[in-house]
Amino acid sequence: MLGTLYIVATPIGNLADITQRAIQTLKDVDIIAAEDTRHTHKLLQHYGINTKTTSYHEHNEQQRSEELLARLREGNDVAIVSDAGTPGINDPAFRLVRLALDNNIPVVPVPGPSAFLAALVASGLPTDEFFFAGFLPSRSGARRTRLNELRSIASTLIFYEAPHRLRDALEDALEVLGPRQAVVARELTKIHEEFRRGKLNELAEYYSNEQNVRGEIVLIIDRSRDEDKSSAAVTNTELQRLVARLEDEGLDHRAALKKAARELGMSRDEAYRRLTVARRQ
Ligand code: SAM
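The structure reproduced in this document is the subject of the present report. (Residues numbered from 1 in each chain as written. Predicted model: local features only at pLDDT ≥ 70, side-chain atom pairs only at ≥ 80, totals over all residues. Heavy atoms only, no water.)

### Focus on the pattern of salt bridges
Summed over the entire model, instances satisfying the criterion amount to 19 salt bridges. Between Glu 205 and Arg 262 there is a salt bridge; the shortest N-O distance is 3.2 Å. On the criterion of sequence distance, the pair formed by Glu 205 in helix 8 (residues 200–208) and Arg 262 in helix 10 (residues 253–263) is long-range, its members being 57 residues apart. The class of Arg 262 is buried, set by a relative accessible area of 15%. For Glu 249, the salt bridge identified is with Arg 245, shortest N-O distance 2.9 Å. By relative accessible area, Glu 249 is classed as exposed at 54%. (Salt bridge = Lys/Arg side-chain N within 4 Å of Asp/Glu carboxyl O. Helix = DSSP H or I, 4+ residues; strand = E, 2+ residues; numbered from the N terminus. Buried < 20%, exposed > 50% of the residue type's maximum accessible area, 1.4 Å probe, protein only.)

Rendered as structure tokens:
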């Protein structure tokens, strides 16, 4: 008799966000594989769950998957949990799921919270089609390349983002995608839950003035829309005048171009192209 592997979702902040079935499953299984056992113990303690735990994280995933597979083959039921939300969504689980399936072990989901879904449904952006892209690369060049790859996708785009990278990510998104509607969802289900909505240029401006962005963040960006092309209504002469005025105020050309682009709701690339055209005219 083979054991069963349960993929159990746990809260993303508010301890009450756990299903009855998740609690029962965590009580019933022989072992819980947890991303961080100390973190998970707090949850288990809160719900009076005494099941044994073992660590399962990105650094021991391969070896621990083999060990857990051996347990499953002996008939033990195993639950996998991550620090928050649904295992497998930007958290370890995939390798064990694959290994279990390759060995005919039943894999059963016990669904519950996931940060991207909570953020999406309250974002006010279309939910009919979305593209979950996980974390963007941390370096600007790679991040822009990735955003460029996603640029033509006609779906709401969803990202996980670290607070200290939010400002740069918004700048790059504005540059590559233009002034699309977007939402920063922070600290979901926690005391300081916050949704900040606006165009990418407005959010980039807001967060460029925020010194200490904290907490966990989901960034959601609208698909490309025709009304975003409103920057087309701005004439090249207006752009040229604004850049000249900002230079008069003391900004160097690069900074003036960047600021003018932001104020007029266009990407820096577009501003640069238009300025080149205006100079030839
Ligand atoms: N498995 C998790 C899930 O299902 O959402 C995601 C794990 S991933 C390593 C962690 C990232 O999820 C955080 O950096 C943040 O971007 C997002 N996240 C997790 N909890 C969140 C919360 N309460 N509010 C906003 N974002 C959250």
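### Observations regarding the site of the ligand
Not every one of the 18 residues close to the ligand is listed here, only the nearest: Ile 89, Ser 114, Ala 115, Tyr 160 and Ile 217. Here a nitrogen atom of the ligand and a backbone polar atom of Ile 12 are 2.9 Å apart. Take Glu 216: an N or O atom from its side chain is 3.3 Å from a nitrogen atom of the ligand. For the ligand, the protein covers 90% of the area, taking 570 Å² as the surface of the free molecule. If you list the elements that add at least two residues to the shell around the ligand, you get strand 7 (156–161) and strand 10 (217–221). (Near = heavy atom within 4 Å. Polar contact = N/O pair within 3.5 Å; in protein donor to acceptor, adjacent residues only side chain to side chain. Areas by Shrake-Rupley, 256 points an atom, 1.4 Å probe, with all protein chains shown as cover.)

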